[in-house]
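What follows is the residue order along each chain.
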Amino acid sequence: MKKRLFKITVLLLAALSIWSCSKKEQSSTDTMEKLTVSDYAVSPAGDSIKQYTLKNKNGMEAKIINYGAIITSFTAPDKEGKFQDIVLGYTKPEDYFNGNPYFFGALIGRYGNRIANARFELDGKTYDLDKNDGPNHLHGGKNGFYTKLWKVDEKASNDHTLKLDYTSADGEEGFPGKLDVSVIYTLNDENALEIAYSATTDKKTIVNLTQHSYFNLSGNFTQPITDHELQLRAASFIPVNNTLIPTGELKPVAGTPFDFNQSKLIGKDIEVADEQLKLGKGYDHCWVLDGKGLRTIGSLYHPATGRVMEVITTEPGVQFYSGNFLDGKYDTKTGGKNEFRTGLCLETQHYPDSPNQPSFPSVVLEPGQKYETKTIYKFSVKQ
């Protein structure tokens, strides 16, 4: 009798354990954060473009479309707790589809920044690229990654994370090798947007990916960004020639308008009589960042709203572009026009024209290797 009771007890406990595990699994499934998706537009090619919204528990939101992996909107709180969009963008989807002349919010590839004379040599072979910036190649060409339809990996995506994939064919825009690219956008509960890039190739090639969002922490896209304070941890920057191609020199920032080691107003020195500022019509240069690995390389601060954006990256350089070619041709999301210097970019990347500059860090990717970089834009407020 006792043996029988013991067996029944064991069976009941086992059944209870299975039921408990099943309930836990069901509860986990029920509370899984789902990917938020909405219809955005139909591209000229007839593709259905979707918009994905990432959220965190504090109320921040980032909206990204599967065309160009473009960030169309990103909200952040000010010192009063007011959320505003802090990235520039077009008011009509067709402006993203018609070449995106400002590269608003774009995922840039296969090569971010400029390549001199739209050509480079690899293992004795010359590769000719699209000339879309005077004599030079810029941001992957007129049909770069920012014009492509990206595939969303729904299994790897949720309310906080969006993973997008794209395969660039061998010879696309003149670049060698079939390149399989992934980007993962993650908006975490520490108010940080993390961007993780990876790529593999089947043939020796070059790659330099970056994100081209224009920030205006005021939340008013008609207001110049010259009232923002910028700090960059960089002892030197890269001078350019009259087509904005690096001269090959790394010049110390000390004693120049390019010294942002101590936080200062962007407008403080931007109109100083300096040959490099004249060539770029303001700041449009790459800073050689201190340190290596994932580290904080600078910050952006808007005193009136209290918004602070830290920049954390694994990359050796950052292109600070002060919006000098914004020309008022397009409406802003807050009314008015996208005028001169109403947005700025902090594009973490390898140096411009690296394939033609042997002294610069290499951007070559070999078969069997994996390209991996990470950049984080982290937000806070100062009272």
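Residues numbered from 1 in each chain as written. Predicted model: local features only at pLDDT ≥ 70, side-chain atom pairs only at ≥ 80, totals over all residues. Heavy atoms only, no water.

It is worth spelling out the sheet that holds strand β11 (residues 151-152) at this point. Within the open sheet, the nine strands sit side by side as β11-β12-β13-β14-β27-β23-β22-β17-β20. Their pairing is antiparallel. Two strands in the sheet have a free side with no partner beyond their single neighbour: β11 and β20 (264-265). Bridge count for β11 against strand β12 (residues 161-168) is two bridges, and the pairing is antiparallel. Along β12, the bridge assignment pairs K151 with D165. (Pairing = 2+ DSSP bridges. Helix = DSSP H or I, 4+ residues; strand = E, 2+ residues; numbered from the N terminus.)

Across soluble globular proteins, nonpolar side chains have a tendency to be buried as a group. Within the largest apolar cluster, 58 residues are counted, with the highest numbers of intra-cluster contacts made by F74, Y185, W287 and F379. The element best represented in this core is strand β13 (residues 179-187), accounting for five residues. If we ignore the near neighbours within four places in the chain, the residues touching F379 are M60, F74, A76, I86, E190, N191, F215, L217, V308 and M309. If you look at the next biggest cluster of nonpolar residues, it comprises 21 residues, including A41, Y67, L138 and C345. (Core = buried A, V, L, I, M, F, W, Y, C linked by side-chain atoms within 4.5 Å. Buried < 20%, exposed > 50% of the residue type's maximum accessible area, 1.4 Å probe, protein only. Contact = heavy atoms within 4.5 Å.)

Moving on: the layout of surface pockets. A volume near 390 Å³ is recorded for the largest pocket. In terms of lining, the largest pocket is formed by 20 residues, of which the most central are F103, R114, L138, Y321 and F325. Residue composition of the lining of the largest pocket, grouped by class: nine nonpolar, six polar and five charged. Forming the walls of the second largest pocket are V207, N208, T314, E315, H350, S362, V363, V364, L365, Y371, E372 and T373. For the lining of the second largest pocket, the secondary-structure elements that each account for two or more residues are β26 (364-365) and β27 (371-381). Sort the elements by how many residues they give to the lining of the second largest pocket and β27 lands first, with three residues. Split into classes, the residues belonging to the lining of the second largest pocket amount to five nonpolar, five polar and two charged. (1 Å grid on protein atoms, 1.4 Å probe; cavity = no way out; pocket = protein on both sides within 12 Å on 5 of 7 lines; lining within 4 Å. Points joined across faces, edges and corners; volume = space filled by probe spheres on them. Nonpolar A, V, L, I, M, F, W, Y, C, P; charged D, E, K, R; others polar.)

With that settled, the discussion passes to empty space enclosed by the protein. Going through the model one piece at a time under the given rule, you end up with two cavities of 30 Å³ or more. Of the volumes computed, that of the largest cavity is approximately 40 Å³. The wall of the largest cavity is formed by I71, F74, V87, L193, I195, Q211, S213, F215 and Y377. Those elements that place two or more of their residues in the lining of the largest cavity are β4 (71-77) and β14 (192-201). The residue inventory of the lining of the largest cavity, partitioned by class, reads seven nonpolar, two polar and no charged. In this structure, the second largest cavity spans a volume of roughly 30 Å³. Together, N113, R114, V240, L244, P246, D284, H285, Q319 and P352 line the second largest cavity. Looking at side-chain class alone, the lining of the second largest cavity contains four nonpolar, three polar and two charged residues.

On inspection of all chains with the given rule, the structure shows 19 salt bridges. Between K163 and D153 there is a salt bridge; the shortest N-O distance is 3.6 Å. Here K163, found in strand β12, pairs with D153, found in the loop between β11 and β12; they are 10 residues apart in sequence, far enough to count as distant. With relative accessibility at 16%, the residue K163 sits in the buried group. Between K203 and D170 there is a salt bridge, and its shortest N-O distance comes to 2.8 Å. Note that K203 is positioned in the loop between β14 and β15 (205-206) and D170 in the loop between β12 and β13, a separation of 33 residues in sequence. For D170, a relative accessible area of 43% puts it in the partly exposed group. (Salt bridge = Lys/Arg side-chain N within 4 Å of Asp/Glu carboxyl O.)

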